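An overview of the molecular structure
Residues per chain, in single letters:
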Amino acid sequence: MTDKARPVTTRDLSIMKAEGQRIVALTCYDSLFAGLLDSAGVDILLVGDSVNQVLAGRDSTLSATLDQMVYHGASVRRGSQRALVVVDMPFLSYQISVEEAIRNAGRVLQETGAEAVKLEGGQPMLATVRALVERGIPVMGHLGLTPQSIHTLSGYRVQGRDDESAARLLTDAQALEQAGAFSLVLELVPTAVATHISESLTIPTIGIGAGAGCDGQVLVLHDMLGLNPGFSPKFLKRYAQVADTVRDAVRQFAEEVRTGDYPGPEHGFD
Ligand code: KIV
């Protein structure tokens, strides 16, 4: 584990990879959970553009806006002290031009206090990644299933299954490293492909549905806590059943309100 007494830096993540220490990442959208995850020793808090899927009932990440990412990024940054906070650049905030990407990513760092941004894509994004890094904005890449391209990918399916697409993933990963990305999310990639990519890079890979050969793992917090019982992809492990706890607590509250057991005399004021 990295030094618990000081904030995690992008450099620490490279050192962790070199020393064979696995990196722990979770998505986070608010200050309350940020404090909990931070105190549990999570290394990276990813303010994902999945926020609207998880919290607002949307069926893709495409609706997330820059204002939203700034709001959630600032909330997470305020709630955490040690973890590195990475904020997703939402759809169309970085694809139109390098200039817009610099302006928008700069705004994210300036207004949230986060340490880095994440953006999706390989070859077409290299000039943007280079320009951001050269201007002092650390970038995490994202390859494999890139949710902002869900309609061109025709659904949430594993990427890099055939030799040609696996080779393209490797080339893209190496090019992103060359362009200055400090880390790379690999999403829904066969274990062997993700392992090979991870072994070919000096920057750490963070996997989600990409097997144990990655240098770290990320999950969507609400999924791994069991807050979303209807969502069960193969890669997901639930570490708690919080939905059951919430339902039980709310049922008990409703019961006590209806019977008059709550509030008791001790909950009132003289
Ligand atoms: O937006 C998100 O939550 C993500 C993770 C799934 C990696 O990008």
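Residues numbered from 1 in each chain as written. Predicted model: local features only at pLDDT ≥ 70, side-chain atom pairs only at ≥ 80, totals over all residues. Heavy atoms only, no water.

**Some details on the overall build of the protein**
The helix and strand tally for the protein stands at ten helices and eight strands. Taking all 270 residues of the protein together, the buried fraction comes to 50%. Considering only contacts in the protein between residues 6 or more positions apart, those separated by 24 or more positions represent 58%. Put simply, the protein shows about 13,400 Å² of open surface, and 54% of that area lies on carbon and sulfur atoms. Across the protein, the mean location of the 23 positive side-chain charges is 3 Å away from that of the 32 negative side-chain charges. (Helix = DSSP H or I, 4+ residues; strand = E, 2+ residues; numbered from the N terminus. Buried < 20%, exposed > 50% of the residue type's maximum accessible area, 1.4 Å probe, protein only. Contact = heavy atoms within 4.5 Å. Areas by Shrake-Rupley, 256 points an atom, 1.4 Å probe, with all protein chains shown as cover. Lys, Arg positive; Asp, Glu negative; His and termini not counted. Charge placed at Lys NZ, Arg CZ, Asp CG, Glu CD.)

**What to know about the packing of helix α5 (residues 98-112) against helix α6 (residues 126-134)**
In the contact formed by α5 and α6, the axes pass within 9 Å of each other and the chain directions differ by 45°. By the angle between their directions, the pair α5 and α6 is classed as oblique. You can see that α5 and α6 cross each other, and the crossing is right-handed. Residues Val 98, Ala 101, Ile 102 and Ala 105 of α5 pack against Ala 127, Thr 128, Ala 131 and Leu 132 of α6. The residue inventory of the contact of α5 with α6, partitioned by class, reads seven nonpolar, one polar and no charged. (Axes fitted to C-alpha atoms, helices over the stretch in contact; angles between N-to-C directions. Parallel < 35°, antiparallel > 145°, perpendicular 65-115°, else oblique. Left-handed = near helix turned anticlockwise from the far one by under 90°. Nonpolar A, V, L, I, M, F, W, Y, C, P; charged D, E, K, R; others polar.)

**Details of the packing of helix α2 (residues 31-39) against helix α4 (residues 66-79)**
It is at 7 Å that the axes of α2 and α4 come closest, and there the two elements cross at 40°. When the interaxial angle is binned, α2 and α4 end up oblique. For the pair α2 and α4, the sense of crossing is right-handed. Contact residues: Ser 31, Ala 34 and Gly 35 in α2; Ser 75, Val 76, Arg 78 and Gly 79 in α4. Across the contact of α2 with α4, the residue classes tally to two nonpolar, four polar and one charged.

**Focus: the site of the ligand**
Surrounding the ligand, one finds Thr 27, Leu 46, Gly 48, Asp 49, Ser 50, Asp 88, Lys 118, His 142 and Ile 208. At 2.5 Å from an oxygen atom of the ligand is found a side-chain nitrogen or oxygen belonging to Ser 50. Its free accessible area being 250 Å², the ligand has 96% of it covered by the protein chains. Within the shell around the ligand, the residues separate by chemical class into two nonpolar, four polar and three charged. (Near = heavy atom within 4 Å. Polar contact = N/O pair within 3.5 Å; in protein donor to acceptor, adjacent residues only side chain to side chain.)

**Digging into the environment of Gly 207**
With respect to the secondary-structure elements, Gly 207 resides in strand β7 (residues 205-208). As a C-alpha pair, Gly 207 and Leu 236 span 29 residues in sequence and 12 Å in three-dimensional space. Residue contacts for Gly 207: discarding those within four places in its chain leaves Leu 186, Cys 214, Gly 216, Gln 217 and Val 218.

**Focus: the confidence of the model for the protein**
For the protein, mean pLDDT is 97; residues scoring 70 or higher make up 98% of the total. Ranking the elements of the protein by mean pLDDT puts helix α3 (residues 51-56) last with 97 and strand β4 (residues 116-118) first with 99. (pLDDT = per-residue confidence, 0-100.)

**A look at the sheet that holds strand β2 (residues 44-47)**
Strand order in this closed barrel of eight strands is β1-β2-β3-β4-β5-β6-β7-β8, and the pairing throughout is parallel. The average angle at which neighbouring strand axes cross in this sheet is 25°, direction not considered. Strands β3 (84-88) and β4 of the sheet are contacted by α5, whose axis makes an angle of about 135° with β4. (Pairing = 2+ DSSP bridges.)

**Some details on the nonpolar core**
Membership of the largest hydrophobic core comes to 57 residues, with the highest contact counts inside it found for Leu 45, Met 89, Val 117, Leu 119, Val 129, Leu 186 and Ile 197. Top element by residues in this core is helix α7 (residues 163-179). It accounts for seven residues. Those residues in contact with Leu 186, other than ones at most four positions away along the chain, are Leu 143, Ala 194, Ile 197, Ser 198, Thr 205, Ile 206, Gly 207, Ile 208, Ala 210 and Cys 214. Membership of the second largest hydrophobic core comes to 16 residues, among which are Met 16, Leu 84, Val 86 and Val 218. (Core = buried A, V, L, I, M, F, W, Y, C linked by side-chain atoms within 4.5 Å.)

**Digging into the pairing of strand β5 (residues 139-144)**
Taking burial as the measure, the six residues of β5 include six buried ones, the bulk of the element. The two faces of β5 match: Val 139, Gly 141 and Leu 143 on one face and Met 140, His 142 and Gly 144 on the other face are all buried. Across two bridges, the pairing between β4 and β5 is parallel. Directly across from Lys 118, in β5, lies its bridge partner Met 140. Taking the sense of rotation as the criterion, the β-α-β connection linking β4, α6 and β5 turns out right-handed. (Right-handed = clockwise from strand over helix to strand, strands pointing away.)

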